[in-house]
Amino acid sequence: MKITTDLAAPSLKKPKPVDESALGFGKIFSDHMFLMEYRQEHGWQNARIAPYGPIAMDPAAMVLHYGQEVFEGLKAYRGTDGAICLFRPRMNFERMNRSAARLCMPEIPPEDQLEAVSALLRADRDWIPSSRGTSLYIRPVMIATEPGLGVRPSAEYLYFIIAGPVGNYYSRGFEPVRILVEQRYVRAARGGVGEAKTAGNYAASLLAARNAKEKGFDQVLWLDAGQQGCIEEVGTMNIFFRFGDEIVTPPLTGSILPGVTRDSVLRIVRDRGSKVSERPVTIDEVRASARDGSLREAFGTGTAAVISPVGMLSHNGEEISINEGRVGEMSRTLLDEIMGIQYGEIPDRYRWVQKVS
Ligand code: COI
């Protein structure tokens, strides 16, 4: 893929954040972005790096009316040797294509997606923060741009990538989160778009998340759309439980996002010889195991959040305390191992890190 580069004039470059401990998540954006357009007759064209800035769009662009959009989230880390490291980027690119196929959108060869991300990282390498726990969050997005109000797949698309330095997703850092089990609303039904990374899933989650925040919770835990008894995922994360010596996460049955960190955790804990199950988990099982003492810990996994210990679930007005609200041993060792690999501090025995030069 041929990528042209138009770098921002030095006078237009933004000041970089000085205090890396106060980055937060998704508030600051780097100086450049990647863009390319798709037309049915020509395929993807005009790949370019341009200064970060507004995108002009026809008000009838289909994305604005029917939500034909997919996106991804991955991170670039500054390795201990100074190298720019991506973590399993191919999984993100393949998921992007599966999401696109689900929404009748064109795919992009994973090699081209990697080239696009690499070109942006070369332009904005100075934006990658270096403190442990920080990274450059990369957000590839595809939107339907053809003007028209008929409900059908667009014939034109824009793919763009923006990036920005981030720290912890949760403002309290690696502290156990408090989660409300959502009983009124559902996130996704089987056969819907729950396993696609598409904006509508997040829009649909906002009301429940806001209600939960108002009650003092950090996130919601979604139950299945059928009987609302089985656990699916947390707001922006997949979820794991440790019952006795068994590590359990709900299976990917179509309504759950297939997370990269989820997959990495499964691999690591399987290799440690732990008993790992991808099987349905009901909220009743969680409650009963909390009562009989076999629920040892719970944690969420995600690119933005990495590993996030869960300290408490609230269901039907009942508080289910997990590990007395403290960070569990497995959450801590998994965070250390995954971050150790991401920052190049420990050997990359799975070959998960891809360096960008
Ligand atoms: C990620 O973990 O990268 C996500 O996409 C979650 C995000 C919506 C904040």
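Residues numbered from 1 in each chain as written. Predicted model: local features only at pLDDT ≥ 70, side-chain atom pairs only at ≥ 80, totals over all residues. Heavy atoms only, no water.

As for the packing of helix α6 (residues 260-271) against helix α8 (residues 329-342)
Stage number 1. Here α6 crosses α8 at 105 degrees, and the two axes come no closer than 11 Å. Comparing the axis directions of α6 and α8 gives the class roughly perpendicular. Contacts between α6 and α8 involve T261, S264, V265, I268 and V269 from the former and M330, L334, E337 and I338 from the latter. (Axes fitted to C-alpha atoms, helices over the stretch in contact; angles between N-to-C directions. Helix = DSSP H or I, 4+ residues; strand = E, 2+ residues; numbered from the N terminus. Parallel < 35°, antiparallel > 145°, perpendicular 65-115°, else oblique. Contact = heavy atoms within 4.5 Å.)

Details of the domain arrangement of the protein chain
Stage number 1. Under the domain assignment, the protein chain is made up of domain 1 (4-166) and domain 2 (177-342).
Stage number 2. The distance between the C-alpha centroids of domain 1 and domain 2 comes to 27 Å.
Stage number 3. In this complex, domain 1 contributes 23 residues to the contact, which on the side of domain 2 involves 23 residues.
Stage number 4. Carbon and sulfur atoms supply 58% of the area buried between domain 1 and domain 2, which totals about 1,900 Å² over both sides.
Stage number 5. Contact with domain 2 buries surface across domain 1, with F71, F87 and R95 losing the most and accounting together for 31% of the total.
Stage number 6. Here domain 1 is connected to domain 2 by 12 residue pairs in polar contact (both at pLDDT 80 or more).
Stage number 7. Mapped by element, the contributors of at least two residues to the side of domain 1 that touches domain 2 are β4 (69-71), β5 (74-78), β6 (84-87) and α2 (89-102).
Stage number 8. Among the residues making up the side of domain 1 that touches domain 2, the classes are represented as 10 nonpolar, five polar and eight charged. (Domains from an automatic or database assignment. Buried area = accessible area lost by both parts, 1.4 Å probe. Polar contact = N/O pair within 3.5 Å; in protein donor to acceptor, adjacent residues only side chain to side chain. Nonpolar A, V, L, I, M, F, W, Y, C, P; charged D, E, K, R; others polar.)

Considerations on the site of the ligand
Stage number 1. Near the ligand, the surroundings consist of F25, G73, Y137, R139, Y169, K197, Y202, T303 and A304.
Stage number 2. Here K197 contributes a side-chain N or O atom positioned 2.6 Å from an oxygen atom of the ligand.
Stage number 3. One nitrogen or oxygen atom from the main chain of A304 is found 2.8 Å from an oxygen atom belonging to the ligand.
Stage number 4. Applying the majority rule of atoms within 2 Å of the grid points places the ligand in the largest pocket. (Near = heavy atom within 4 Å. 1 Å grid on protein atoms, 1.4 Å probe; cavity = no way out; pocket = protein on both sides within 12 Å on 5 of 7 lines; lining within 4 Å. Sits in = over half its atoms within 2 Å of the grid points.)

Notes on the nonpolar core
Stage number 1. Counting residues in each nonpolar core, the largest one holds 46 residues, and the members touching the most others are L86, L121, I138, M142 and Y159.
Stage number 2. Top element by residues in this core is strand β8 (residues 156-166). It accounts for seven residues.
Stage number 3. With near-sequence residues (within four places) excluded, Y159 lies in contact with F34, L35, M36, W44, M96, I108, Q113, A116, P140, V141 and M142. (Core = buried A, V, L, I, M, F, W, Y, C linked by side-chain atoms within 4.5 Å. Buried < 20%, exposed > 50% of the residue type's maximum accessible area, 1.4 Å probe, protein only.)

Things to note about the side chain of D124
Stage number 1. Along the chain, D124 turns up in the loop between α3 (110-123) and β7 (135-144).
Stage number 2. One buried charge, D124, has no salt-bridge partner; the nearest side chain with opposite charge is K13, at 6.4 Å.
Stage number 3. Among the polar contacts made by the side chain of D124, one reaches the side chain of S30 at a distance of 2.6 Å.
Stage number 4. A polar contact of 2.7 Å, which involves the side chain of D124, links it to the side chain of H32.
Stage number 5. Ignoring anything within four residues of it in the chain, the contact list for D124 reads S30, D31 and H32. (Lys, Arg positive; Asp, Glu negative; His and termini not counted. Salt bridge = Lys/Arg side-chain N within 4 Å of Asp/Glu carboxyl O.)

Thoughts on the layout of surface pockets
Here the idea is plain: a probe the size of a water molecule rolls over the atoms and shows the empty space left.
Stage number 1. There is about 430 Å³ of room inside the largest pocket.
Stage number 2. Along its surface, the largest pocket is lined by 27 residues, and F71, Y137, R139, K197 and Y202 are the ones closest to its centre.
Stage number 3. Residue composition of the lining of the largest pocket, by class: 12 nonpolar, nine polar and six charged.
Stage number 4. Two domains each donate at least three residues to the lining of the largest pocket, and these are domain 1 (4-166) and domain 2 (177-342).
Stage number 5. Approximately 350 Å³ is the volume found for the second largest pocket.
Stage number 6. In this structure, the second largest pocket is lined by 15 residues; those nearest its centre are Y169, A209, K213, D218 and Q219.
Stage number 7. For the lining of the second largest pocket, the secondary structure elements donating two or more residues are α5 (206-214) and β10 (219-223). (Points joined across faces, edges and corners; volume = space filled by probe spheres on them.)

Here we look at empty space enclosed by the protein
Stage number 1. Summed over all chains, the structure comprises one cavity of 30 Å³ or more.
Stage number 2. When its volume is computed, the largest cavity comes out at roughly 90 Å³.
Stage number 3. Lining the largest cavity are 13 residues; nearest its centre among them are Y77, F87, T261, T303 and Q342.
Stage number 4. At the level of secondary structure, the elements contributing two or more residues to the lining of the largest cavity comprise β5, α6 and α8.
Stage number 5. Of all the elements, β5 adds the most residues to the lining of the largest cavity, at three residues.
Stage number 6. Taken together, the residues that form the lining of the largest cavity break down as six nonpolar, six polar and one charged.
Stage number 7. Counting contributing residues, the lining of the largest cavity receives three or more from each of domain 1 (4-166) and domain 2 (177-342).

Side note on the side chain of Q219
Stage number 1. With respect to the element layout, Q219 can be found in strand β10.
Stage number 2. The exposure class of Q219 is buried, given its relative accessible area of 8%.
Stage number 3. Each residue touching Q219, except ones within four places of it in the same chain, is listed here: Y169, Y170, R178, I179, L180, A212, V234, G235 and T236.

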